[in-house]
Amino acid sequence: QVQLVESGGGLVQPGGSLRLSCAASGMLFGDYSLGWHRQAPGKQRDLVAPISSPGYTNYAHSVKGRFTISRDNALNTVYLQMNNLTHEDTAVYFCRYLGVLGIAWGQGTQVTVSS
């Protein structure tokens, strides 16, 4: 089974930046998607940005132009670069794998945007 380990969350001021990392446990094969979701208190868990095995990316409207998802295939790692953060970006961010090996979630990492 795929295991995901996240890092990079923390406290940042509005307008600041963070880079989240998510490392997968082993080699990934077949068609799959790696993505970042987030869940703020009292809200549902929403998809922020996915990247497919061929490399296609997409973004939620709220983060488009500010966030960038990327990956390093050699390291089995997906990243989320978050720029110009606002209070509305405060949430627990989760890494997710979806593919032939099943569905896997990271443990979540807290991102807090506050003055």
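Structure first, text after, so check above.
These lines cover the structure that appears in this document, whether it is placed above or below. Just so it is clear, the structure is predicted and the values come from calculations on it, not from any experiment. Every residue gets a number counted from 1 within its own chain, in the order that chain's sequence is written. Side-chain atom pairs in this predicted model are given and counted only at pLDDT of 80 or more, local residue features only at pLDDT of at least 70, and totals for whole chains, interfaces and linings cover all residues. Calculated side-chain values reflect all of the structure's heavy atoms, with hydrogen atoms and water omitted.

Focus: the overall build of the protein
Then, number 1: The helix count covers DSSP runs of H or I at least four residues long, the strand count covers runs of E at least two residues long, and both are numbered beginning at the N terminus. Each helix and strand in the protein was counted, giving zero helices and ten strands.
Then, number 2: Secondary structure elements of the protein occur, N-terminal to C-terminal, as β-β-β-β-β-β-β-β-β-β.
Then, number 3: Atoms considered for the radius of gyration are the C-alpha atoms alone. The globule rule reads 2.2 Å times the number of residues to the power 0.38. Its C-alpha radius of gyration of 13 Å places the protein within 12% of the 13 Å reference for a compact globule of 115 residues.
Then, number 4: With the principal axes as the frame, the protein shows a C-alpha extent of 45 × 25 × 25 Å.
Then, number 5: Under the scheme applied here, a residue whose accessible area is under 20% of the maximum for its type counts as buried, over 50% as exposed, and between as partly exposed, the area being computed with a 1.4 Å probe on protein chains only. For the protein, the residues scored as buried account for 43% of the 115 residues in total.
Then, number 6: Intrachain contacts of the protein at a sequence separation of at least 6 include 53% that bridge at least 24 residues.
Then, number 7: Here, Shrake-Rupley sampling with a 1.4 Å probe gives the accessible areas, and only protein chains in the shown set may cover a residue. Entry remark: accessible area of the protein is about 6,300 Å², with carbon and sulfur atoms responsible for 51%. Should any heavy atoms of two residues lie within 4.5 Å, those residues are considered in contact.

Section: the sheet that holds strand E3 (residues 18-24)
Then, number 1: The antiparallel open sheet is built from four strands, whose spatial order is E1-E3-E7-E6. With one partner strand each, in any of the chains shown, strand E1 (4-7) and strand E6 (67-72) form the two edges of the open sheet. The mean inter-strand angle of the sheet, taken between neighbouring strand axes irrespective of direction, is 15°.
Then, number 2: Strand pairing is defined by DSSP finding a minimum of two bridges between the two strands. Note that E1 and E3 share four bridges and pair antiparallel. Within E3, the residue paired with Leu-4 across the bridge is Ala-24. The convention used is that axes are lines fitted to C-alpha atoms, helices contributing only their stretch in contact, and that angles between N-to-C directions extend from 0 to 180 degrees.

Looking at the nonpolar core
Then, number 1: Nonpolar core, defined: a set of buried Ala, Val, Leu, Ile, Met, Phe, Trp, Tyr and Cys residues in which side-chain atoms within 4.5 Å join the residues together. By size, the foremost hydrophobic cluster in this structure holds 29 residues, and its most contacted members are Trp-36, Leu-80, Met-82 and Tyr-93.
Then, number 2: Listed by contribution, the elements that provide at least two residues to this core are E3, strand E4 (32-39), strand E5 (46-52), E6, strand E7 (77-82), strand E8 (91-99) and strand E10 (109-113).

Focus on the state of the cysteines
Covalently bonding the sulfur atom of one cysteine to the sulfur atom of another cysteine gives a disulfide.
Then, number 1: Pairs of cysteine sulfur atoms within 2.5 Å are identified as disulfides in what follows. Scanning the model with the defined rule gives one disulfide in all.
Then, number 2: Paired through a disulfide, Cys-22 and Cys-95 show a sulfur-sulfur distance of 2.1 Å. In this structure, the disulfide formed by Cys-22 and Cys-95 twists by about -85° around the S-S bond and is classed as left-handed. Here Cys-22 is found in strand E3, whereas its partner Cys-95 is found in strand E8, with 73 residues between them in sequence. Of the two residues, Cys-22 and Cys-95, both sit in the buried class.

Comments concerning the layout of surface pockets
Then, number 1: Site definitions follow a grid-based scheme: protein atoms alone, a 1 Å grid, a 1.4 Å probe that fits but cannot get out for cavities, and for pockets an open set with protein on both sides within 12 Å along at least five of seven lines, plus lining residues having an atom within 4 Å of a point. Grid points are joined across faces, edges and corners, and a volume is the space filled by probe spheres set on the points. Looking at the largest pocket, its volume works out to about 170 Å³.
Then, number 2: Forming the boundary of the largest pocket are Arg-38, Gln-39, Ala-40, Lys-43, Gln-44, Asp-46, Leu-47, Val-48, Ala-60, Ser-62, Glu-88 and Ala-91.
Then, number 3: Elements with a minimum of two residues in the lining of the largest pocket: E4 and E5.
Then, number 4: With three residues, the top contributor of residues to the lining of the largest pocket is E5.

Points about the pattern of salt bridges
Then, number 1: Basic side-chain nitrogens of Lys or Arg form a salt bridge, by our definition, when they fall within 4 Å of a carboxyl oxygen of Asp or Glu. Counted according to the given criterion, the structure contains two salt bridges.
Then, number 2: Residue Asp-89 pairs with Arg-38 through a salt bridge whose shortest N-O separation is 2.9 Å. With Asp-89 in the loop between E7 and E8 and Arg-38 in strand E4, this residue pair connects regions lying 51 residues apart in the sequence. Like Arg-38, Asp-89 is buried.
Then, number 3: With a closest N to O distance of 2.8 Å, Arg-66 and Asp-89 form a salt bridge. Taken together, the residues Arg-66 in the loop between E5 and E6 and Asp-89 in the loop between E7 and E8 connect sequence positions 23 residues apart.

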